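Spelled out from the first residue to the last, the chains are:
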Amino acid sequence: MPDNAAAARVPAKKPSRVLTGTHFMVGDHACAEGALAAGMDFFGGYPITPSTEIAELIARRLPPLGGRFVQMEDELASIAAIIGASAAGARSFTATSGPGFSLMMENIGLAAMMEVPCVIADVQRASPSTGLPTMVGQSDILQARWGSHGDYGVIAYCPDSPQECFDLTVRAFNDADKYRVPVFILLDEVVGHMAERVVIPPAEEIPIVRRKGPNFPPGERRFLGYAPDDDMVPPMAHAGDGYKVHMTGLTHDEKGYPALTPEIHDKLVNRLVDKIRLHASEIEMHEEIALDDAETVVVSFGCTARSARHAVNEARAEGISCGLLRLITVWPFPERRIRELIERGKVKRFIVPEINLGQLRREIERLTQLPVLRLNHAGGAMLKPDAILELIRS
Amino acid sequence: MSVTEQVIQPAANIHPIDNLLRADRLPHILCPGCGIGTVIHGYAHAIAASGLPEDQHVCVSGIGCSGRAAGYVNVDSYHTTHGRALPFALGIAVHKPELKVTVISGDGDLASIGGNHLIHAARRNVDMTVICINNFNYGMTGGQVGPTTPIGAKGTTAPDGAIEQPFNLPYLAKATGAVFVARWTILHVREFQDAVLRSMNKKGFGFIEVLAPCPTSFGKSNKIGDGLHEVEIYRQRCQIRHGATNLEEFDIDLIDDTKPIVVGNFVDVERKHFLG
Ligand code: SF4
């Protein structure tokens, strides 16, 4: 007879934060697993296609690990809650799509101004407005850079595969803490919903960088929450740590107190921009295929880069001199690399395929007088490799 | 290394709540006769009476004159965006449930632009205290009417008087699930302080409306004169009805002076809280 009592005594398998192993996984789930592996312990979100799978997986996985999942009343609340949780020390996360991303913009500015780290996954769909909710788009990239009012620095990753959804989400949490900024992971519907092999390494091989805190105990002397170190990033104390911080979206001095003068404002906002701009070479990531002698450079990102890679490989097989620059961070933009390519004098033209009407193309056009050919679609379907190949051949 | 400075040691004869105010931020921005200072004073006393270390108190505000409250209290304090104090505070309260989170903000911030968050925070019964300073108008932007402006009262955006039905905030808070609901005025200093303390000591969502004069904006449009005059209106017309259940009848009418302004601790019930 089976010993049911004995079976009941066997402790339930402890849930593991890091699902080490090889999986067949959709991008949305890989992104959620990346957040868990990075130590995310607070999620506040609101359901929206095509990002909902991220929230659903976290709702199931996070509470048994001791973290908190809260389904908020809307995206305005989701972003506010993750900033609040992060101010209390959490590694906090939300996931959304275009309409929700738009609603979050005001408080993304608050996170930038208060310098509260947080990570936002935006699974892009065809826009504007409600657009094509279940179909692909890549049209939130300028919103990710400029969406909230005012100037501030941000970091945005654009994975092209489920594996990168995992890897870049881990990185996003580290960068958010390191630079005290909101960090975006700009998936798109295709990458979010496609299933591929995802290898999750052992927990000890996953790099975790956490925000720096005060280097003296509370009460010893006053902690200046906005006095930056040499890296332009101030150490951060959390609610309950005992340092009596004050944080505000108003222009503030080193104590965090409102200081409403043009001089302080200019200094503060410049630092918010410069702490990312001057670290761009550390943050920025891209992939290159055959760029060294390329006369035609295809610049692409996300699911479109998959078509572009195929087209470039085909074209090279036909003997055409072309290469691919795939953006892994769209922000910071790999401006320096593109300038180098232009200055070397081999490049004759750029081709920018993207599922929007030319958002990335503008970035390249501002760097060069060379022709920048466009291949655009407003959204709903991937750009086909053949269409890119045809343009390369032209 | 971060740049630091020495804490200035307070003089010997300090007031019991001096340590709870950020003295280095004084003078404050509030107008003479404004009721917000009295609310901050009451909150500071409640912190002192709570018996909990100051380090465990957190204050979150939204935007507006009342939203500046967080900037004057010497606890971890967050001055957030317009309407979003509650979800921000939820993030803190849920991530660190050991902290006593208090939201101090205005009627426009909490009941208009942040109204959706108010009803959902109450419904969830998140463990926090909300002090809603109701001065019947948008003071900081110069006296526009809002969702609490009594019918007939004037504002720069309703020069002939407000025509919309205002919120009865205690009724709204009770209906949406708050476990502690009170209404006081800044005349009722001790009762208000006591209500804040009771709410702090209770697990769940506490909502305290506190009526406060805004002589600069609301008072001027409505010929109420100075702050003292409005407090005199409270004195003449307030009736205390603890535990009253007919909150739906407690609209505030400032024009008809035969109508009482009902105040009191109305709701004090037990219900499973958000993390309970
Ligand atoms: S405008 Fe009204 S609410 Fe604002 S500080 Fe002046 S009196 Fe107070």
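Structure: see above.
Residues numbered from 1 in each chain as written. Chains lettered and ligands numbered in written order. Predicted model: local features only at pLDDT ≥ 70, side-chain atom pairs only at ≥ 80, totals over all residues. Heavy atoms only, no water.

Re the packing of aromatic side chains
Residues and elements named next belong to chain B. Per the stated rule, a full pass over the model turns up eleven aromatic pairs over all chains. Geometrically, the ring pair formed by Phe 250 and Phe 266 is tilted, given 5.4 Å between the ring centres and 50 degrees between the ring planes. Note that Phe 250 is positioned in the loop between strand 7 (238–240) and strand 8 (261–268) and Phe 266 in strand 8, a separation of 16 residues in sequence. Phe 266 sits in the buried class, given a relative accessible area of 6%. (Phe/Tyr/Trp six-rings, centres within 6.5 Å; stacked < 30°, edge-to-face > 60°. Helix = DSSP H or I, 4+ residues; strand = E, 2+ residues; numbered from the N terminus. Buried < 20%, exposed > 50% of the residue type's maximum accessible area, 1.4 Å probe, protein only.)

Some remarks on the interface of chain A and chain B
Counting from both sides, the interface comprises 48 residues of chain A and, opposite them, 42 residues of chain B. At the boundary of chain A with chain B, total buried surface from both sides reaches about 3,800 Å², with 55% on carbon and sulfur atoms. In this structure, the connection of chain A to chain B is made through five salt bridges. Ionic pairing is found between Lys 244 of chain A and Glu 54 of chain B, a salt bridge with its closest N-O pair at 2.5 Å. Applying the counting rule to chain A against chain B returns 25 residue pairs in polar contact (both at pLDDT 80 or more). Per-element tally for the side of chain A that touches chain B: the top contributor is helix 4 (residues 75–87) of chain A, with eight residues. Its residues assigned to classes, the side of chain A that touches chain B shows 26 nonpolar, eleven polar and eleven charged. Bridge count for strand 10 (residues 246–248) of chain A against strand 2 (residues 76–79) of chain B is three bridges, and the pairing is parallel. Across the sheet, Thr 248 of chain A pairs through a bridge with His 79 of chain B, a residue of strand 2 of chain B. (Contact = heavy atoms within 4.5 Å. Buried area = accessible area lost by both parts, 1.4 Å probe. Salt bridge = Lys/Arg side-chain N within 4 Å of Asp/Glu carboxyl O. Polar contact = N/O pair within 3.5 Å; in protein donor to acceptor, adjacent residues only side chain to side chain. Nonpolar A, V, L, I, M, F, W, Y, C, P; charged D, E, K, R; others polar. Pairing = 2+ DSSP bridges.)

A few points about the nonpolar core
With 96 residues, the main nonpolar core has Leu 360 of chain A together with Val 60, Tyr 78, Phe 88, Ile 92, Met 128 and Phe 205 of chain B as its most contacted residues. Inspection of this core shows a minimum of three residues originating in each of domain 1 (14–205) and domain 2 (287–393) of chain A. Residues contacting Val 60 of chain B, with those up to four places away along its chain left out, are Ala 70, Tyr 78, Thr 80, Ala 85, Phe 88, Ala 89, Ile 92, Val 101, Thr 102, Val 103 and Ile 104 of chain B. In terms of nonpolar packing, the next biggest core, distinct from the first, is built from 63 residues, Val 119, Ala 172, Val 190 and Ile 283 of chain A among them. (Core = buried A, V, L, I, M, F, W, Y, C linked by side-chain atoms within 4.5 Å. Domains from an automatic or database assignment.)

Digging into the site of the ligand
In the vicinity of the ligand, the contacting residues are Leu 30, Cys 31, Cys 34, Ile 36, Cys 65, Asn 135, Gly 139, Cys 214, Pro 215, Thr 216 and Ser 217 of chain B. A per-class count over the shell around the ligand returns seven nonpolar, four polar and no charged. (Near = heavy atom within 4 Å.)

Thoughts on the layout of surface pockets
Residues and elements named next belong to chain A. Roughly 610 Å³ of volume is contained in the second largest pocket. As for the second largest pocket, its lining consists of 24 residues, of which Arg 277, Ala 280, Pro 332, Phe 333 and Glu 335 are closest to the centre. Elements represented by at least two residues in the lining of the second largest pocket include exactly helix 6 (141–146), helix 9 (262–277), helix 10 (280–283) and helix 12 (335–344). Per element, the largest residue contribution to the lining of the second largest pocket is five residues, and it comes from helix 12. Here the residues of the lining of the second largest pocket are counted per class, giving ten nonpolar, three polar and eleven charged. (1 Å grid on protein atoms, 1.4 Å probe; cavity = no way out; pocket = protein on both sides within 12 Å on 5 of 7 lines; lining within 4 Å. Points joined across faces, edges and corners; volume = space filled by probe spheres on them.)

Digging into the sheet that holds strand 5 (residues 180–185) of chain B
Strand order in the open sheet formed by nine strands is 10(A)-2(B)-1(B)-3(B)-4(B)-6(B)-5(B)-8(B)-7(B), with mixed pairing between adjacent strands. The open sheet has two edge strands with one neighbour each: strand 10 of chain A together with strand 7 of chain B. Ignoring strand direction, the axes of neighbouring strands in this sheet form an average angle of 20 degrees. In this sheet, strand 2 of chain B lies alongside strand 1 (residues 57–61) of chain B in parallel orientation, the contact comprising four bridges. Within strand 2 of chain B, the residue paired with Val 58 of chain B across the bridge is Asp 76 of chain B. (Axes fitted to C-alpha atoms, helices over the stretch in contact; angles between N-to-C directions.)

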